[in-house]
Protein chains: 2
Amino acid sequence: MIKLMKKRLTRQESRAQTREKLLEAAAKIIARHGLAGTSIEDIAETAGFSRGAFHANFKSKDELFLTLVEKQMKATIFEIDELHAVTDSVEEKLQNLRTVYPRYTGSDRDTFLLITEAQMYALRNPRFGKKLRALFSTIYDDLIQSVERLQEQMGCKDPVYAKQLVLIGFGLSHGLILHNLMDPERYPDSMVSDSMRLVFDKIFSLEEMSLGIH
Amino acid sequence: MIKLMKKRLTRQESRAQTREKLLEAAAKIIARHGLAGTSIEDIAETAGFSRGAFHANFKSKDELFLTLVEKQMKATIFEIDELHAVTDSVEEKLQNLRTVYPRYTGSDRDTFLLITEAQMYALRNPRFGKKLRALFSTIYDDLIQSVERLQEQMGCKDPVYAKQLVLIGFGLSHGLILHNLMDPERYPDSMVSDSMRLVFDKIFSLEEMSLGIH
DNA sequence: ACACTCAGATACGTTACTGCATCTGAGTGT
DNA sequence: ACACTCAGATGCAGTAACGTATCTGAGTGT
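Residues numbered from 1 in each chain as written. Chains lettered and ligands numbered in written order. Predicted model: local features only at pLDDT ≥ 70, side-chain atom pairs only at ≥ 80, totals over all residues. Heavy atoms only, no water.

## A short note on the protein's contact with DNA strand D
Inspection of the region around DNA strand D gives 19 residues, with T10 and H55 of chain A together with R11, T18 and S50 of chain B positioned closest. Within the side chain of R15 of chain B, an N or O atom sits 3.3 Å from a phosphate oxygen of DNA strand D. At 3.2 Å, a side-chain N or O of N57 of chain B approaches a phosphate oxygen of DNA strand D. (Near = heavy atom within 4 Å. Polar contact = N/O pair within 3.5 Å; in protein donor to acceptor, adjacent residues only side chain to side chain.)

This is the structure:
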């Protein structure tokens, strides 16, 4: 867009830029064709480079993929933190809590596919699995703390339960979005958000009523 | 095992047997390495044959994969139907309903991986997506009917809600199992079943209390 | 402005997969 | 038992992908 100012880039800038373009292209293509179904050449070509550029920036496809997933997750963490900072009232926090999950699970189709692809890959490669688990833990622990704080504010506290609550949130969100993408006519967006709301309202009414006994 | 009786097979039998072995091998390997990460040669070799055997039995990897998924789903449908037939009391039906989802979503690791792989593939190939959607519909409609009958028995009926309920069941189950496989220490089996129970109890208590108004 | 350096392109050799064509031997009909 | 057929093995050629090595030209130091 603002291509007119693209004069005279320093070497570092240039390198960083192609790296970025490669990552961007990879995100798109891997989401569409899967990791194994994507060749290095595909990525490089889509980014507008040759394979040489790829090898100059990444050791292997795996390395690029890990970088990519990390970047994506960090971005999500940032988004979530930002959202959390704004909240004030209990109702708002509850509201946000419901919307946070889908945001992480993948706000758009490509993000969802990418993250799920990463999870599938993790289930097959123990080494990658370990790294991905660490990344997820960051997000989850963050959210668990939020939930605990919220519970405290609501007058009940049970860490085990908070953990389980977050699991339900993420699990449900993931499953619902998958169904939505698989069959949007049968499971429209509205049905997904309704289901999310339904479960959360019920779970939290349990909170209020029985003080977190599960 | 009972290899001693493996004398004199008729041609049809022999063919069917290798076909079966190929499918079996494919299920294992595709679960472990993904569809794109599995070569025809891998499948044939694992089954104890050469590539020739593969091509004599299947046109392409895609055809084999579809056959495989169909077979898996049909087996699941059978299992579920069987389970349904046994039920008598409302409590038992409710109980079963909770256990049905994980069974379909993938009782063992490989089954889960295979089905999820199929879903990922479906999201990328419209043609395959259509077929998979049809397969899923069979299971889902079946279950929706069961839920409706159960609701009727419990004195409330709302078809939209039944559909949503099934969506929640399958979605949650899928997400929970994924988390369990990704990080069994953090999300042990017990936590998965507890979460499943928690949500279902709450949802169905809603049923009882508000007669299905959502 | 001149030599230097490094990001990225091009060229090459190697490996792996696929589909097709051909071959072989075990089941089959007479 | 003899000729036949077809399941499955083997051989071959074409393609796609990878990693490495070498080349080129645009940023950089003096």
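## Some details on the environment of A162 of chain A
Residue and element names in this part refer to chain A. Along the polypeptide, A162 turns up in helix α8 (residues 159-182). Sequence separation between A162 and L150 is 12 residues; the distance between their C-alpha atoms is 9.7 Å. For A162, the contacting residues outside a window of four places in its chain are I144, V147, E148 and Q151. (Helix = DSSP H or I, 4+ residues; strand = E, 2+ residues; numbered from the N terminus. Contact = heavy atoms within 4.5 Å.)

## Describing the packing of helix α1 (residues 11-33) of chain A against helix α2 (residues 40-47) of chain A
Residue and element names in this part refer to chain A. For the pair α1 and α2, the least separation of the axes is 8 Å and the interaxial angle reads 120°. Taken together, α1 and α2 sit at an angle that is classed as oblique. Pair α1 / α2 crosses with right-handed handedness. Here K21, L22, A25, A26 and I29 of α1 lie close against α2, whose contacting residues are D42, I43, A44, T46 and A47. The class makeup of the residues in the contact of α1 with α2 is seven nonpolar, one polar and two charged. (Axes fitted to C-alpha atoms, helices over the stretch in contact; angles between N-to-C directions. Parallel < 35°, antiparallel > 145°, perpendicular 65-115°, else oblique. Left-handed = near helix turned anticlockwise from the far one by under 90°. Nonpolar A, V, L, I, M, F, W, Y, C, P; charged D, E, K, R; others polar.)

## Thoughts on helix α4 (residues 61-86) of chain B
Along an α-helix, residues three or four apart share an orientation, since each turn contains 3.6 residues. Residue and element names in this part refer to chain B. Taking 1.5 Å as the rise per residue, α4 with 26 residues should run 38 Å; its terminal C-alpha atoms sit 38 Å apart, in good agreement. For α4, every residue scored as buried is listed here: L64, F65, L66, L68, V69, M73, T76, I77, I80 and L83. In this structure, the buried residues of α4 make contact with α1 (11-33), α2 (40-47), α3 (51-57), α5 (90-106), α6 (109-124) and α7 (126-154). (Expected span 1.5 Å × (residues − 1). Buried < 20%, exposed > 50% of the residue type's maximum accessible area, 1.4 Å probe, protein only.)

## Overview of the interface of chain A and chain B
When the parts of a complex come together, some accessible area is lost, and that lost area is often used as the size of the interface. Contacts between the two partners involve 50 residues from chain A and, on the opposite side, 50 residues from chain B. Regarding the contact of chain A and chain B, the summed buried area is about 4600 Å², with carbon and sulfur atoms giving 70% of it. Summed over the shared surface of chain A and chain B, the number is four salt bridges. As a salt-bridge pair, R124 of chain B and E117 of chain A come within 2.9 Å of each other at their nearest N and O atoms. At the surface where chain A touches chain B, the tally comes to 16 residue pairs in polar contact (both at pLDDT 80 or more). (Buried area = accessible area lost by both parts, 1.4 Å probe. Salt bridge = Lys/Arg side-chain N within 4 Å of Asp/Glu carboxyl O.)

## Some remarks on the protein's contact with DNA strand C
Taken together, 19 residues lie near DNA strand C, and R11, T18 and S50 of chain A together with T10 and H55 of chain B sit nearest. Atoms of DNA strand C within 4 Å of the protein belong to the sugar or the phosphate in 61% of instances, the rest to bases. Between DNA strand C and the protein, one listed contact pairs a phosphate oxygen with a backbone N or O atom of S14 of chain A at 3.5 Å. N57 of chain A places a side-chain nitrogen or oxygen 3.3 Å from a phosphate oxygen of DNA strand C. Mapped onto the surface near DNA strand C, the elements with two or more residues apiece are α1 and α3 (51-57) of chain A together with α2 and α3 of chain B. Its residues placed into classes, the surface near DNA strand C shows four nonpolar, eight polar and seven charged.

Purely geometric stuff here, so don't read any function into it on its own.
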